[in-house]
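Below are the chains, spelled out letter by letter.
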Amino acid sequence: MRQRPRSTPAATGQLRIIGGEWRSRRLSFPDLPGLRPSTDRVRETLFNWLMSWVPGSTCLDAFSGSGALGLEALSRGARFATLNDLATPAYRQLQANLQLLQCQHAEVLQQDMQRWLAQPALRQYDLVFLDPPFNQGMLQPCAEQLEQQGWLADEAYIYVEHERDLTPTLPSSWRLHRQKQAGQVSYALYHRQLSP
């Protein structure tokens, strides 16, 4: 009897939840081109900045990849999170990780984020993680759509991660709250403020 050749499982990486309910839990993510989870150091800094804002918030992790940011927010008390990734392996792994964590207050989407944000808002988010693939020109259009289509709560915080040499033009209502650099990556937290 001939044996079927075994299919080689996709190589995976591991991420660690830093704080909150799932602290120290390790989760898998697929090895995909361009998928680069925010480092532990960057996440630690970001969530220190957001410490008092995450609990009870509604979050959008627009380009989830490994889900590191959205899952960290859920672990630290976010009320609800939308995690999105267009790549099927990432989408499936996000679903599997939420199931593993027995998390009932999140949804996983497999959407082209620019198209999805171009529609009128389905809900408003208090916290948005905007970390699109580098060198693809997605950051600015997505930022504009978040603002124009009503996706943001009045006092929303927006985390933006991009190439160090990029200077994006972001909506005027987004006021820079904190900013840092790590290697070739620039990351910043903006606070939406509608009144002058």
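Residues numbered from 1 in each chain as written. Predicted model: local features only at pLDDT ≥ 70, side-chain atom pairs only at ≥ 80, totals over all residues. Heavy atoms only, no water.

- As named in an unreviewed UniProt entry, the protein chain is Ribosomal RNA small subunit methyltransferase D, taken from Balneatrix alpica.
- Heading Catalytic activity (unreviewed entry) of the UniProt record for the protein chain holds this comment: "guanosine(966) in 16S rRNA + S-adenosyl-L-methionine = N(2)-methylguanosine(966) in 16S rRNA + S-adenosyl-L-homocysteine + H(+)".
- Entered under Sequence similarities (unreviewed entry) in the UniProt record, the comment concerning the protein chain runs "Belongs to the methyltransferase superfamily. RsmD family." (UniProt positions renumbered as here; feature names shortened; annotations may be inferred.)

1. Observations regarding the nonpolar core
Here's step 1: If you look at the biggest cluster of nonpolar residues, it comprises 34 residues, and the most contacted ones within it are L46, L50, L71, L74, F129 and Y159.
Here's step 2: Examining the composition of this core, we find that five residues originate from one element, helix α2 (residues 68-75), more than from any other.
Here's step 3: With residues near it in sequence (within four places) discarded, L71 still touches I17, W22, L27, S66, L83, L98 and L101.
Here's step 4: Formed by 25 residues, the second largest nonpolar core is a distinct cluster that contains L109, L139, A143 and I158. (Core = buried A, V, L, I, M, F, W, Y, C linked by side-chain atoms within 4.5 Å. Buried < 20%, exposed > 50% of the residue type's maximum accessible area, 1.4 Å probe, protein only. Helix = DSSP H or I, 4+ residues; strand = E, 2+ residues; numbered from the N terminus. Contact = heavy atoms within 4.5 Å.)

2. Some remarks on the sheet that holds strand β3 (residues 58-61)
Here's step 1: Taken together, the seven strands give an open sheet; going across it, the order is β5-β4-β3-β6-β7-β9-β8, and neighbouring strands pair in mixed fashion. The outermost strands of the open sheet, each flanked by one partner alone, are β5 (106-109) and β8 (174-182). Each strand axis lies, on average, 15 degrees off the axis of its neighbour in the sheet, ignoring direction.
Here's step 2: Relative to strand β7 (residues 152-163), strand β6 (residues 125-130) runs parallel, the two being bridged by five bridges. Bridge pairing links F129 to Y159 in β7.
Here's step 3: Against the sheet, helix α1 (residues 40-49) makes contact with β6, β7, β8 and β9 (185-192), and its axis sits at roughly 155 degrees relative to β8, the strand it touches most.
Here's step 4: Seen against the sheet, α2 touches β3, β4 (80-84), β5, β6 and β7 and runs at an angle of roughly 170 degrees to β4. (Pairing = 2+ DSSP bridges. Axes fitted to C-alpha atoms, helices over the stretch in contact; angles between N-to-C directions.)

3. Remarks on the pattern of salt bridges
Pairs can form between side chains of opposite charge whenever their charged atoms are close.
Here's step 1: Taken as a whole and assessed by the stated rule, the structure comprises five salt bridges.
Here's step 2: Between E72 and R43 there is a salt bridge whose closest N-O contact spans 3.1 Å. Highlighted residues: E72 in helix α2 and R43 in helix α1, separated in sequence by 29 residues. Taken individually, E72 and R43 each receive the classification buried, so the pair is uniform in this respect.
Here's step 3: In this structure, R192 and E147 form a salt bridge, with 2.8 Å as the shortest nitrogen-oxygen distance. One end of the pair, R192, is in strand β9; the other, E147, is in helix α5 (residues 139-148), with 45 residues separating them in the sequence. Exposure class is identical for R192 and E147. Each is buried.
Here's step 4: Residues participating in the shared-partner salt-bridge network are R43, E72 and R76. (Salt bridge = Lys/Arg side-chain N within 4 Å of Asp/Glu carboxyl O.)

4. Let's talk about unusual backbone geometry
Here's step 1: Non-glycine residue Q102 carries a positive phi angle of around 55 degrees.
Here's step 2: The phi torsion at N135 lies on the positive side, around 60 degrees, for a residue other than glycine.
Here's step 3: Relative to the elements of secondary structure, N135 occurs in the loop between β6 and α5.
Here's step 4: You can call N135 exposed: its relative accessible area is 67%.

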